[in-house]
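Observations on the model geometry
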Amino acid sequence: MKNKIRLSLLLLTFCGWVSWAQTTITGTVKSANDNAPLPGVSIVLEGSRTGTTSDFDGNFSIQLPTKNGALLFSYIGFLDQRIVINDQTALEVLLEEDIAKLDEVVVVGYGTQKKSDIVGAVTSVKVDELQDVPIARTDQALQGRVAGLQITNNDASANGSVTIRIRGISSINGGSNPLVIIDGVQGATLGDVHPNDIKSIEVLKDASATAIYGSRGASGVILITTKKGRNQKPTITINSYTTVHQLLKKFDFLNAHQYATQVNTNRQSRGLPTVFSDTELQSFATDGGTDWQNEIYRSGFSHNQHINVSGGTENMNYSVSGDYLENNGIIINSSFRRYSMRSNIAANLGEKIKVGLNAFLNFSKDNPIVLNSRDSQGSPVYAALLFAPSRPIFEADGSYSQPGGGHGPVTEYNPVALANEPIRDNYSNSMILNPTFEYEFLKGLKANINVSYQLFDRENGFYINERITNGNEMDRQASIYNSKWSNFQSTNILTYENEFNGKHNLKLTGVYEQQTQKFNENWAGARGFLTNAVTYNNLGLGETPSKPSSFRNESSLESFMGRLNYAFAEKYSITLTGRSDAASVFSKNNKRAFFASAGLAWTISNENFLKDSETINNLKLRGSYGEVGNAAIRPYQSLSRLDTGSDFSFSGSNLNTGITLSTQADNPDLKWETTESYNIGLDLSMFNYRLNLTADYYNKTTSDLLLERALFQASGFQTQLVNAGKVENKGIEIALSVVPVQSEHFKWDSDITFARNENTVLALNSGETELRLGGAGLPGHSDAVWLEVGQPIGLIRGLEFDGLWGTDEAILAEVYGVTPGSEKYVDQNNDGVYSIADATNIGNAQPDFTYSWNNTFTYKNLSLNVFAIGVQGNNIYNIGRSLIEGGDGLSVANLNVWTPENQNTTIPAHNAEGGFRNSSRWIEDGSYFRIKNITLGYTFPSDFINKLGISSCRVYATGTNLLTITDYSGYDPESNNSEGSDTFAGIDLASYPSQKQYTLGIDVKF
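Notes on the structure in this doc start here. Predicted model only: the values in this text are computed from it and were never measured.

**Details of the overall build of the protein chain**
In terms of helices and strands, the protein chain carries 13 helices and 53 strands. For 1006 residues, the compact-globule formula gives about 30 Å, and the C-alpha radius of gyration of the protein chain, at 33 Å, lands near that figure. Its C-alpha atoms give the protein chain principal-axis dimensions of roughly 135 × 70 × 65 Å. In the protein chain, which comprises 1006 residues, the proportion classed as buried is 51%.

What follows is the structure, encoded as structure tokens:
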């Protein structure tokens, strides 16, 4: 008994000594990038098995047998960190992201792949950079972020469209838009996802990467994966910002007195009576008249609220977000509102089965302003370039002033009336439902089923009253347009992946896929309403109904695909891909086509002679070759069709509705456009990944272009869609990422991109070397846009402006039927007449190169980001300037008019003849350098905000478009009025102007 007591006392003494010797250390582990807590971080006492992990909030507590030693912190995607204890009992640990580890696995078509094994041109976007900038549209946020990805604003309205091109223009009529895929759902748009909902973005650029998508991969692919929940307690993230918008610049216009004086002088020079009296001139000198730009433009205002709730358990996770955007544009009466919701839910049903459901809902209302148009409703932006400053907004009786004031037969109406009076309510609803299923048969062998249904429903209501024209009830017009587009996709994937003997890595992917698209639209209208109260909601009250129209089509695609990825010893990689597509839009003779690619990569840095290098971390050479297709044509283009809506008179008076043959003949041999491309690339990382370089050279040639061929009238048809022509794109892309400075408290990250693409038309229809496409719909500009073999798409043609005729050239000017002071052009064929035969190539919309420079400076909790973009070497046809300088134009440049005493000018004399021609006078250099965004942010210390129950909090201020360096005299060198048509890309027809933006925002996580 005594021995037991002695043993117990000895054990108690020992345990007490052990308890006394142990040290308890507590702390928090967070990301050094955004101060977000990191759950599940491994924490181990160096040289022992003693360890723990951080909890959901990044907190940890560990008991150590000593006050000395060091703790090792490790977490996937972050650099390991060693902290010496030195009698510390409370730690705040910040882990740095490991660039190399984060990029180990990237998303590719129908799966993922180790970055070290990728053989094609695939660029992963730094998503955190997008999310640090207050932009609610992913397409605009991506601008300048990827070499070879060119994004141009068609207009800067609240809901303006953009043109997106990857490695140039690969088609004329078949479309050059890249395929956008969100969580495996094809045919989505970048507007369908908010930047804060994105987990990763990959841009696939060469055939090795895009051939997996066969007939839809010719113009590149953008892959987006949205955020999913993870095993943690519920986390709430709120992103909110408010922006003020201001007009970037204005045209320098004449005031009313200057304008009226010019008009009188002009008429006097022609022997005509003056328009304005001395009393009116004196009045204009006093009040200055009307500045129409000031009247239609205002300070815009927008705000965006985005909230996300995510979390999960071992067997289920979720991420649900909601977004609200309101944007009141800088033109009066323009606005846009959008409500959207996205939810991603995933669950494990046992060890082998995973299911998920992704859903997206969107509702928007757009109140746009008509742009780039001279239709009956008119554009206020366009009208402001023509409407006389001598006219008031309203007459004495309260009606809008009408065209006149010395401007002659101007058809543009009052700009304020054109902005205020028309009602344009454009509603859209979109939905994506995407259930997924995964079953693992055995280790390495999985089956995935991805089903999606997309629906886009649109209704445009329009009403215009009589106030614009001071007309009567017959000028009251209303219409409703409805359309519905749906897409059903079923993707079935079988994947086998295995590693043999530690050196051989094999991955096989097989896919069977079906897609069906349906589209229908209808339109109805009427005019002659007794009251303005009904607007477009009761077309039956219109006295004269318009003939309604409706349309419906359907198309389908069936595909089989196989891919082999093989890597040996992490040194050599090969990818082989083949895809067979059958598309209903082509003729029965050519419904199916096969597309294949092959790619090789050699990771030189893993060879024995480099693997121990302290300078080179990664060096890889890549090469690929393959073919992809383009099936982006409307259904039934290969068939003869009937057109409705034609009216015939059999009695000589009454009209009867009839049906006629389409103007386009059928083509039973119509087939795919095919793009053949090869790519050679280099990846280099040095100095512990502080310098990262990616360089690519590519050449892609698209043949069998879908072109309209003119037919003989005797055929009964006007045109036929045929496969003819060829276009080439070749160029280089460079992306450089460096960390010039990195210290304990300060870091500087810098990213540079450079891309040069040469676009050339190699062939057109048989026997054709050029093709006239038309113009801008204005007098004198109807022959501006052409296609020509040996020249790029976006070619602008016209007369070569050679200044003005001088008084010493009066005799020669008379040969051309003009007098001194008139415009002079180069007579290319020396026939003494200015005609279309003298037209020459005067401009090119394609830039020589594009570039961007992104810099992020961080000092403790402060961060500063400066992002700049640039375009060099493109031309713009500035039709806006041709309007304000032509005739009695409004430009201050018109004060420098030609006179016998002032001949050193380009402004023709008041009595000049033969002006307003399509010429190089209106071609300008569209090159620009722009500071796109400057963002200053501050992240609050965690020890302060944690007391408030907040995990992280960041506030920031952003300036957008603060500085633009350019020689272009228009509203914005970025203007692109192509509306998706690359052939008209260089025409600037009074687009919605860009804006300077000033933003305040806050990001909070609970």
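**What to know about the sheet that holds strand β52 (residues 987–988)**
Taken in spatial order, the 3 strands line up as β49-β48-β52 in an open sheet, and their pairing is mixed. Looking at the sheet topology across the chains shown, the edges are occupied by β49 (923–925) and β52. Strand direction decides the pairing type here: strand β48 (residues 875–878) and β49, joined by 3 bridges, are antiparallel. By the bridge assignment, Ile876 is partnered in β49 with Glu924.

**Quick word on helix α6 (residues 256–269)**
Between its terminal C-alpha atoms α6 stretches 20 Å, which fits the 20 Å expected from 14 residues at 1.5 Å a residue. Taken together, the buried positions of α6 are Ala256, Tyr259, Ala260, Gln262, Val263, Asn264 and Asn266. Those residues of α6 that are buried are in contact with α7 (278–287). The residue sitting at the N-terminus of α6 and contributing the capping side-chain oxygen is Asn255; that oxygen lies 3.1 Å from the backbone nitrogen of His257. Looking one or two residues past α6, Gly271 carries a phi angle of roughly 75°, positive in sign.

**Some points on the packing of α6 against α7**
Contact geometry for α6 and α7: axes closest at 7 Å, N-to-C directions at 150°. Compared by their axis directions, α6 and α7 come out roughly antiparallel. For the pair formed by α6 and α7, the contact residues are Ala256, His257, Ala260, Thr261 and Asn264 on the first element and Leu281, Phe284 and Ala285 on the second.

**Digging into the sheet that holds strand β1 (residues 23–31)**
The sheet built from 3 strands is open, its strands ordered β4-β1-β7 with mixed pairing. Every interior strand has two partners, whereas the edge strands, β4 (59–64) and β7 (90–95), have only one. Ignoring strand direction, the axes of neighbouring strands in this sheet form an average angle of 30°. Bridge analysis of β1 against β7 gives 6 bridges, and the strand direction is parallel. Paired with Thr26 across the strands is Ala90, a residue of β7.

**Concerning the environment of Ser920**
Among the structural elements, Ser920 can be located in the loop between α12 (879–885) and β49. Residue classification places Ser920 among the partly exposed positions, given a relative accessible area of 21%. In the structure, Ser920 is positioned 77 residues away from Gly843 in sequence and 7.7 Å away in space, judged by C-alpha atoms. Apart from residues lying up to four places away in sequence, Ser920 is in contact with Leu799, Glu800, Phe801 and Ile842.

**A closer look at the side chain of Asn304**
Along the chain, Asn304 turns up in strand β18 (residues 300–312). Exposure remark for Asn304: the relative accessible area of 2% places this residue in the buried category. Separated by 3.1 Å, the side chains of Asn304 and His194 make a polar contact. Not counting residues up to four positions away in its chain, the partners in contact with Asn304 are Ala136, His194, Asn239, Ser240, Tyr241, Asp323, Tyr324 and Leu325.

**Describing the environment of Ile752**
Summarising the element assignment, Ile752 is placed in strand β39 (residues 746–763). Along the primary structure Ile752 and Val146 are separated by 606 residues, whereas in three dimensions their C-alpha atoms are 9.4 Å apart.

**A closer look at a nonpolar patch on the surface**
A cluster of nonpolar side chains, Val244, Phe301, Leu962, Leu963, Ile965 and Tyr998, forms an exposed patch at the surface whose accessible area comes to about 490 Å². Mapped onto the fold, Ile965 is located in strand β51 (residues 952–966).

**Things to note about the packing of aromatic side chains**
Summed over all chains, the structure comprises 29 aromatic pairs. Where Tyr463 meets Phe529, the ring centres are 5.9 Å apart and the plane angle is 70°; that geometry is what we call edge-to-face. Taken together, the positions of Tyr463 in strand β23 (residues 445–464) and Phe529 in the loop between β25 (504–527) and β26 (544–545) put the pair 66 residues apart, joining distant regions of the chain. The class of Tyr463 is buried, set by a relative accessible area of 2%. Their ring planes at 40° and their centres at 4.9 Å tell us that Tyr512 and Phe560 sit as a pair that is tilted. One end of the pair, Tyr512, is in strand β25; the other, Phe560, is in strand β27 (residues 549–568), and 48 residues separate them in sequence. Overall, Phe560 belongs to the partly exposed group, its relative accessible area being 41%.

**Overview of empty space enclosed by the protein**
This structure, assessed with the given rule, holds 12 cavities of 30 Å³ or more. Size it by volume and the largest cavity reaches roughly 680 Å³. If you trace the largest cavity, you find 42 residues lining it, with Gln150, Thr152, Pro847, Thr850 and Val871 closest to the centre. Within the residue set of the lining of the largest cavity, elements represented by two or more residues are β11 (149–153), β12 (162–166), β39, β46 (849–859), β47 (862–872) and β48. For the lining of the largest cavity, the element with the highest residue contribution is β39, accounting for 5 residues. Partitioned by chemical class, the residues of the lining of the largest cavity number 18 nonpolar, 18 polar and 6 charged. Within this model, the second largest cavity holds a volume of roughly 460 Å³. In this structure, the second largest cavity is lined by 27 residues; those nearest its centre are Ile135, Gln140, His245, Asn327 and Gln997.

**Remarks on unusual backbone geometry**
Positioned with a positive phi, Tyr689 is a non-glycine residue whose angle comes to about 65°. Positionally, Tyr689 belongs in the loop between β34 (673–686) and β35 (691–703). Here the phi dihedral of Lys860 falls at roughly 55°; this positive angle occurs in a residue that is not glycine. Along the chain, Lys860 turns up in the loop between β46 and β47. For Lys860, a relative accessible area of 53% gives the class exposed.

**What about the environment of Gln791?**
Here Gln791 is to be found in the loop between β41 (785–788) and β42 (795–798). Put simply, Gln791 and Lys620 are 171 residues apart on the chain and 35 Å apart in space, counted from C-alpha to C-alpha. Leaving out residues up to four positions away in the same chain, Gln791 has contacts with Asn759, Thr760, Val761 and Asn841.

**Quick look at the side chain of Ser54**
Looking at the secondary structure, you find Ser54 in the loop between β3 (51–53) and β4. In terms of polar contacts, Ser54 uses its side chain to reach the backbone carbonyl oxygen of Leu38, at 2.7 Å. A distance of 2.9 Å separates a polar side-chain atom of Ser54 from the backbone nitrogen of Val41.

**Describing the pairing of β47**
Looking down a regular strand, the side chains alternate between one sheet face and the other. Note that β46 and β47 share 11 bridges and pair antiparallel. When the sheet's bridge partners are listed, Tyr851 is paired in β47 with Gly870. Between β46 and β47, which pair antiparallel in sequence order, lie 2 residues; one of them, Lys860, sits at a positive phi of approximately 55°. One ladder, built from 10 bridges, connects β47 with strand β50 (residues 928–939); its direction is antiparallel. Looking at the pairing, Leu862 lines up with Tyr938 of β50.

**Brief notes about the pairing of β50**
Both β50 and β51 contribute to a ladder of 11 bridges, which runs antiparallel. Each bridged residue has a counterpart across the sheet, and for Tyr928 the counterpart in β51 is Thr966.

**Focus: the pattern of salt bridges**
All told, the structure shown has 35 salt bridges when counted by the stated rule. As a salt-bridge pair, Arg137 and Asp139 come within 2.9 Å of each other at their nearest N and O atoms. Residues Arg137 and Asp139 agree in their burial class; the two are buried. Of the charged contacts in the structure, one is a salt bridge between Arg622 and Asp683, with a shortest N-O distance of 3.0 Å. Residue Arg622 is found in strand β30 (residues 616–630), and its partner Asp683 is found in strand β34; the two are separated by 61 residues along the sequence. Owing to a relative accessible area of 5%, Arg622 belongs among the buried residues under this scheme.

Reading the values: rules and limits
- Residues numbered from 1 in each chain as written.
- Predicted model: local features only at pLDDT ≥ 70, side-chain atom pairs only at ≥ 80, totals over all residues.
- Heavy atoms only, no water.
- Helix = DSSP H or I, 4+ residues; strand = E, 2+ residues; numbered from the N terminus.
- Rg over C-alpha atoms; globule rule 2.2 N^0.38 Å.
- Buried < 20%, exposed > 50% of the residue type's maximum accessible area, 1.4 Å probe, protein only.
- Pairing = 2+ DSSP bridges.
- Expected span 1.5 Å × (residues − 1).
- Contact = heavy atoms within 4.5 Å.
- Polar contact = N/O pair within 3.5 Å; in protein donor to acceptor, adjacent residues only side chain to side chain.
- Axes fitted to C-alpha atoms, helices over the stretch in contact; angles between N-to-C directions.
- Parallel < 35°, antiparallel > 145°, perpendicular 65-115°, else oblique.
- Patch = residues over 30% accessible without salt bridge, like charges linked within 9 Å, V, L, I, M, F, W, Y side chains within 5 Å.
- Areas by Shrake-Rupley, 256 points an atom, 1.4 Å probe, with all protein chains shown as cover.
- Salt bridge = Lys/Arg side-chain N within 4 Å of Asp/Glu carboxyl O.
- Phe/Tyr/Trp six-rings, centres within 6.5 Å; stacked < 30°, edge-to-face > 60°.
- 1 Å grid on protein atoms, 1.4 Å probe; cavity = no way out; pocket = protein on both sides within 12 Å on 5 of 7 lines; lining within 4 Å.
- Points joined across faces, edges and corners; volume = space filled by probe spheres on them.
- Nonpolar A, V, L, I, M, F, W, Y, C, P; charged D, E, K, R; others polar.

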